[in-house]
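Residues per chain are reported as follows:
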Amino acid sequence: MSDIATDLKNYAGRFLAGANPRSRPLSPHLKALEAESIHIMREVAAEFSNPVMLYSIGKDSAVMLHLALKAFYPSRPPFPLQHVDTGWKFRDMITYRDTLASALGLELRVEMNQEGIARGINPFDSGSNLHTQVMKTEALRNAMNSHRYDAAFGGARRDEEKSRAKERIFSFRDDHHAWDPRNQRPELWRTFNTRIRQGESIRVFPLSNWTELDIWQYILEEDIPIVPLYLAADRPVVERSGTLLMVDDDRFPLQPGETPQMRRIRFRTLGCYPLTGAIESDAASLEDIVLEMLTARTSERSGRLIDHDESGSMEKKKREGYF
Amino acid sequence: MAEGDARSTMLSRLTRAGEKGVLRFITCGSVDDGKSTLIGRLLYDSKLLFEDQIATLERDSKKHGTTGENTMDFALLLDGLEAEREQGITIDVAYRFFNTEKRKFVVADTPGHEQYTRNMATGASTADLAIILVDARKGVLTQTRRHTYIANMMGIRHAVLAVNKMDVADYSRSRFHEIVSDYLRVAETLGFDTITPIPISALHGDNIFSPSRAMSWHDGPTLLAHLENVETAAEEVANRPFRMPVQWVNRPNLDFRGFSGAVTSGRVAPGDEIVAALSGKTANIARIVTADGDQPEAVAGDAVTIVLDRDIDVSRGDILADPKARPEVSGQFAAELLWMAEEEMLPGRSYLLKAGGQLTPASVTTLKHKLNVNTFEKEPGKSLKLNEIGVCTLATSRAIAFDPYSDQRDTGSFILVDRFTNQTVAAGMIEFGLRRASNVHTHAMDVDMSRRAAMKGQKPGVLWFTGLSGAGKSTIANLVERKLAEGGRHTYSLDGDNVRHGLNRDLGFTDADRVENIRRIGEVARLFVDAGLIVTCSFISPFRAERQMVREMLEEGRFIEVFVDAPLELCMQRDPKGLYKKAKAGEIRNFTGFDSPYEAPETPELHLRTGEMSADEAAEQVIEQLIKNGLIG
């Protein structure tokens, strides 16, 4: 793996006018998925006055942004990127985010819940639920309110979790940003109802019909740079009740007798580092990851501590406005 | 070495994976028919369930399961929302995914009961194939007919009759054949390309992924083999006339102007001539631009940006098309309508119609008949309730470009949206255009509105006076027109007197007739605007929706709403035509302000309180407003 900053710069160069044609055709099913996502994004650009892309730095966001760069080419995507930063993201994620946004020349807006920081909310002492509620859900709401976005792209996929399987591609949110699963608009063909009143908004999920394998295969075929944490490397970790947590900085409170050990690990999903479990892996290239995926026996969200409380927990969070 | 081989084999398998693209299908049936079990089985056998999901499933099966002690209840895997799990039913459309080496599959899992017809139609709208599930013990039921009808109506071309639970029907060949011949009697009258019957047991996996040993008499394919090999419409669609609805005008700088959209049918290459369906103007394709470089052609399914060799008027909503096989362009057409809202459909009410990128007010002018989805029979009706289907005539404020749904799903479909709640209230499938307009393509004229207006030295527009009878609309309009004429402006005046006696003399005062009355007035006003005139319209026009409809017929800034506002008492006192007296005496019914409501404008361009000013002062304010709007200098 070469230097990520160089990779990102080369990547940005691919979207300058007069870009090079691709060398090999995209797999037919990925081409179909790509076209569907591009169609969705163009609908949003045409019908909303203040759209935004909620960008979370992970692999799904990388694919979503890549699709936006392709959808509007040779124009730039006609919306800014909005990141909701909890203050606990992996350091590599923040470096990647800032380097990519500046290489592409896209406007990046970062929202952090200052009130939550003042209250001392953090994933270790406050617990994952409160931390997520304050630093993610509330921060997102603040960003939506202060910028008055009328549409926000999210990278969620229907295969991730059961409650998402029934969510629309254009998902209506009331003026409190809440989702009502009982009152969703029927969504037929490729015709999306984008009508909203002041204060209401639509969350748009252009990756709805992609699976985790599709995402990886697309990253591989399109050669999209991703945060290096997805690739295996020796990293300092501690093991807590079967979950491998990376000690990303010195805010990690070690318990008595606990010493970080170097293990060869990687992440299948990226979030707040204290809430994201690693897997032991030797997959150090994209090809390795895809091969590992083909034989994987554990679903990706199992590395996320917030889904585990009970089976219906994601649905609850979504009703409250979690992405 | 062996490891390296395995690695390259897997990678090459992966790059071959999905060579047949995506197949979208819908499963129709109820939980009792084993629908969820079938989908769970497909996910399970395609090894798409992960260990932790299986563990959750085992745990949940013990807690909520309905299939007995030692079997996994696949339905629990699928019913996502908490409420559904508690009630044991599937109430919404859920989408599932699985891949085999040949194809990616998108499964729309929809509920089977009649009250969820709209959910099934939603799932069917994007599906290539429908699996119609039948319980081998029960045979073809009313719901089987309904599912088959809706699948066909929504344009699905391939039907699979999956006779399930063969394990509890003794794997009986004669039972299977009995059900198949019952079913064919139902389905053969409809328009499916293929109907493929397969005997299965979803619970035990017979004829799902591998051929059933217990049913060696079955000489057809397994379900999966059929799903992997069935031809989708994609190829056929590529051979139809070219269509690309324009989504977005791509204009990064002054040197580049492209039209972004997805090709919905046909194919096109640089040099080909295309027509913009709405304007009727033609041009040739100069480039087909994508981020992967310019393309030598674009085929149905491709998302591209098309650059033309000359500037013609094209904007979002227009359809770039083959000039030798154009879409129809009409403001009136017949369509099959599936009603999806609790509030019933009323002919005459104004809704927003969305067809691709085209958005226009529209109303149902006639409900020809309703369709009974259980018996396939036509029934008379005046309105459509939730989940009811009817064949209707619709009229749009502006002509739209479209194809018959049976030819083109993407350009033949639309939704109706409630103007006030913004809910999606109906799904429509266009059958054919009505009136001569349908095949008279707009001929691009050399003398257009701006030229006609320039000759008159003015900007055309509509002054719409609304208010109660006796508020002073006609008086003020008359003064305004006099002042304009004195200033050398070209005007025309429309009011009840010159419209109700001629153009609209066939209309009465029912709600539907009132809507039609205003629609026609709006159309006439629009023609006068096109002729370059400033038009004054004085009509009570009590409903916001109708005034909005006329506003939307015109370009922005050309509709000036003047609210002529006087208290009801004052109007009754003035009573210039003696109408209030008649209303009081009960001689007139539905008189606005008296026993019929008046919806005051929320944000009129001008609000005149005629109780507090003279008619001349009011007219002066209107003139000032015209100057403010830039219509006159």
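Because the structure is predicted, anything quoted here is derived from the model rather than measured.

Reading the values: the criteria
Residues numbered from 1 in each chain as written. Chains lettered and ligands numbered in written order. Predicted model: local features only at pLDDT ≥ 70, side-chain atom pairs only at ≥ 80, totals over all residues. Helix = DSSP H or I, 4+ residues; strand = E, 2+ residues; numbered from the N terminus. Buried ≥ 20, exposed ≤ 12 C-beta atoms within 10 Å, placed from the backbone. Contact = placed C-beta atoms within 7 Å. UniProt positions renumbered as here; feature names shortened; annotations may be inferred. Domains from an automatic or database assignment. Nonpolar A, V, L, I, M, F, W, Y, C, P; charged D, E, K, R; others polar. Pairing = 2+ DSSP bridges. Axes fitted to C-alpha atoms, helices over the stretch in contact; angles between N-to-C directions. Parallel < 35°, antiparallel > 145°, perpendicular 65-115°, else oblique. Left-handed = near helix turned anticlockwise from the far one by under 90°. Expected span 1.5 Å × (residues − 1). Right-handed = clockwise from strand over helix to strand, strands pointing away. pLDDT = per-residue confidence, 0-100.

Trainee: I'd like a rundown of the overall build of chain B, residues and numbers included.
Mentor: Secondary structure assignment for chain B yields 18 helices and 26 strands. Looking at chain B as a whole, 48% of its 633 residues are labelled buried. Considering only residue pairs separated by 6 or more positions, chain B has 72% of its internal contacts joining residues 24 or more positions apart.

Trainee: Can you tell me about helix α7 (residues 212–222) of chain A, naming the residues and giving the values?
Mentor: All names here are of chain A. Burial analysis of α7 places eight of its 11 residues in the buried class, the great majority of the element. Restricting attention to buried positions, one finds in α7 the residues E212, L213, D214, I215, W216, Q217, Y218 and I219. Looking one or two residues past α7, D223 carries a phi angle of roughly 55 degrees, positive in sign.

Trainee: Mind laying out the UniProt feature "binding site: ATP" (unreviewed entry) in chain B, listing which residues take part and the relevant values?
Mentor: Residue and element names in this part refer to chain B. Per the UniProt entry, the sites bearing "binding site: ATP" (unreviewed entry) are G467, L468, S469, G470, A471, G472, K473 and S474 in this numbering. Along the chain, S469 falls in the loop between β22 (461–466) and α12 (473–486). Given 23 C-beta atoms within 10 Å, S469 falls into the buried group. Apart from residues lying up to four places away in sequence, S469 is in contact with I540, C571, L579, T592 and G593. When you line up the elements, S474 lands in helix α12.

Trainee: Account for the domain arrangement of chain A, naming residues and giving values.
Mentor: Residues and elements named next belong to chain A. Each assigned domain of chain A is listed with its residue range as follows: domain 1 (4–215 + 314–320) and domain 2 (228–307). For domain 1 and domain 2, the distance between their C-alpha centroids amounts to 23 Å. With 20 residues of domain 1 at the contact, the number on the domain 2 side is 18 residues. For the side of domain 1 that touches domain 2, the leading source of residues is helix α4 (residues 91–104), giving three residues. Tallied by class, the residues present in the side of domain 1 that touches domain 2 amount to nine nonpolar, four polar and seven charged.

Trainee: Can you break down unusual backbone geometry residue by residue, with the values?
Mentor: Trans peptide bonds make up the majority, and among non-glycine residues the majority have a negative phi. All names here are of chain A. Geometrically, the link from Y73 to P74 is a cis peptide bond, its omega value of 5 degrees lying close to zero. Within the secondary structure, P74 is located in the loop between α3 (59–72) and β2 (81–84). In the Ramachandran plot, R148 falls in the positive-phi region, its phi being about 55 degrees despite a non-glycine side chain. Note that R148 resides in the loop between α6 (127–147) and β4 (151–153). Look at H177: it is not a glycine, yet its phi comes out positive at around 65 degrees.

Trainee: Account for the sheet that holds strand β4 (residues 129–135) of chain B, with residues named and values stated.
Mentor: Residue and element names in this part refer to chain B. Ordered in space as β2-β3-β1-β4-β5-β6, the six strands form an open sheet in which the pairing is mixed. Unpaired on one side and paired on the other, β2 (94–99) and β6 (194–199) mark the two borders of the sheet. Across this sheet, the average inter-strand angle for adjacent strands is 25 degrees, counted without regard to direction. Inspection of the sheet shows strand β5 (residues 158–164) paired to β6 by six bridges, in the parallel sense. Opposite V163, over in β6, you have P199 as the bridge partner. Running over the sheet, helix α7 (residues 142–153) touches β1 (22–28), β4 and β5 and is turned about 175 degrees from β4.

Trainee: Could you give an account of the packing of helix α6 (residues 117–124) of chain B against α7(B), naming the residues involved and the relevant values?
Mentor: When two helices pack together, their arrangement is captured by the angle between the axes and the distance separating the axes. All names here are of chain B. Across the interface, α6 lies against α7 with an axial gap of 9 Å and an inter-helix angle of 40 degrees. Taken together, the axes of α6 and α7 are oblique relative to one another. The handedness of the crossing between α6 and α7 is right-handed. Note on element contacts: α7 touches α6 through H147, I150 and A151, opposite T117, M120, A121 and A124.

Trainee: Account for the sheet that holds β22(B), naming residues and giving values.
Mentor: Residue and element names in this part refer to chain B. Taken in spatial order, the five strands line up as β23-β24-β22-β25-β26 in an open sheet, and their pairing is parallel. Where the open sheet ends on each side, the last strands, each with one partner, are β23 (491–495) and β26 (606–609). The mean inter-strand angle of the sheet, taken between neighbouring strand axes irrespective of direction, is 20 degrees. Both strand β25 (residues 559–565) and β26 contribute to a ladder of four bridges, which runs parallel. Each residue of the ladder has a partner; that of F563, found in β26, is H607.

Trainee: Tell me what's going on with the environment of A:W210, and back it up with residues and numbers.
Mentor: Residues and elements named next belong to chain A. Topologically, W210 is positioned in the loop between β6 (201–204) and α7. Judged by the 28 C-beta atoms lying within 10 Å of it, W210 is buried. W210 sits 43 residues away from P253 along the chain, and the two C-alpha atoms are 37 Å apart. Setting aside anything within four residues of it in sequence, one finds W210 in contact with L33, R157 and I215.

Trainee: Can you lay out helix α2 (residues 28–47) of chain A for me, pointing to particular residues and giving the numbers?
Mentor: Here α2(A) spans 29 Å end to end across 20 residues, near enough to the 28 Å set by a 1.5 Å rise per residue. Across the 20 residues of α2(A), 16 count as buried, placing the element largely inside the fold.

Trainee: Run through the pairing of β2(A), naming residues and quoting values.
Mentor: Residue and element names in this part refer to chain A. Here β2 shows no split at all, with L81 and H83 on one side and Q82 and V84 on the other all buried. Summarising the sheet, strand β1 (residues 51–54) and β2 pair through two bridges and their orientation is parallel. Considered in β2, the bridge of L54 is made with Q82. In this view, the connection linking β1 to its parallel neighbour β2 by way of α3 has right-handed handedness. Pairing of β2 with strand β3 (residues 108–111) involves four bridges; the strand directions are parallel.

Trainee: Any details on the environment of A:G277? Residues and values, ideally.
Mentor: Among the structural elements, A:G277 can be located in the loop between β9 (261–266) and β10 (279–280). A:G277 gets classed as buried once you count the C-beta atoms within 10 Å, which come to 21.

Trainee: Which residues make up the environment of B:F402, and what are the values?
Mentor: Residues and elements named next belong to chain B. Mapped onto the fold, F402 is located in strand β19 (residues 389–402). Here F402 falls in the buried class, since 28 other C-beta atoms lie within 10 Å of it. Setting aside its immediate chain neighbours within four residues, F402 contacts P327, E328, A355, T411, G412 and I430.

Trainee: How would you sum up the confidence of the model for chain B? Please name residues and give values.
Mentor: Detailed reading of the predicted coordinates is not advisable wherever pLDDT is low. All names here are of chain B. Looking at chain B, the pLDDT average stands at 85 and 88% of residues meet or exceed 70. Contacts for the low-pLDDT stretch residues 436–440, under 50 throughout, to residues beyond four places or in other chains number seven contacts. With a pTM of 0.77, the predicted complex shows an ipTM of 0.88.

Trainee: Tell me about the pairing of strand β24 (residues 534–538) of chain B, and name the residues and values.
Mentor: All names here are of chain B. Counting buried residues in β24 gives five out of five residues, a clear majority hidden from the surface. On β24, burial covers both faces: I534, T536 and S538 on one face and V535 and C537 on the other are all buried. In terms of strand pairing, β23 meets β24 through five bridges, oriented parallel. When the bridges of β24 are listed, L494 appears paired with C537.

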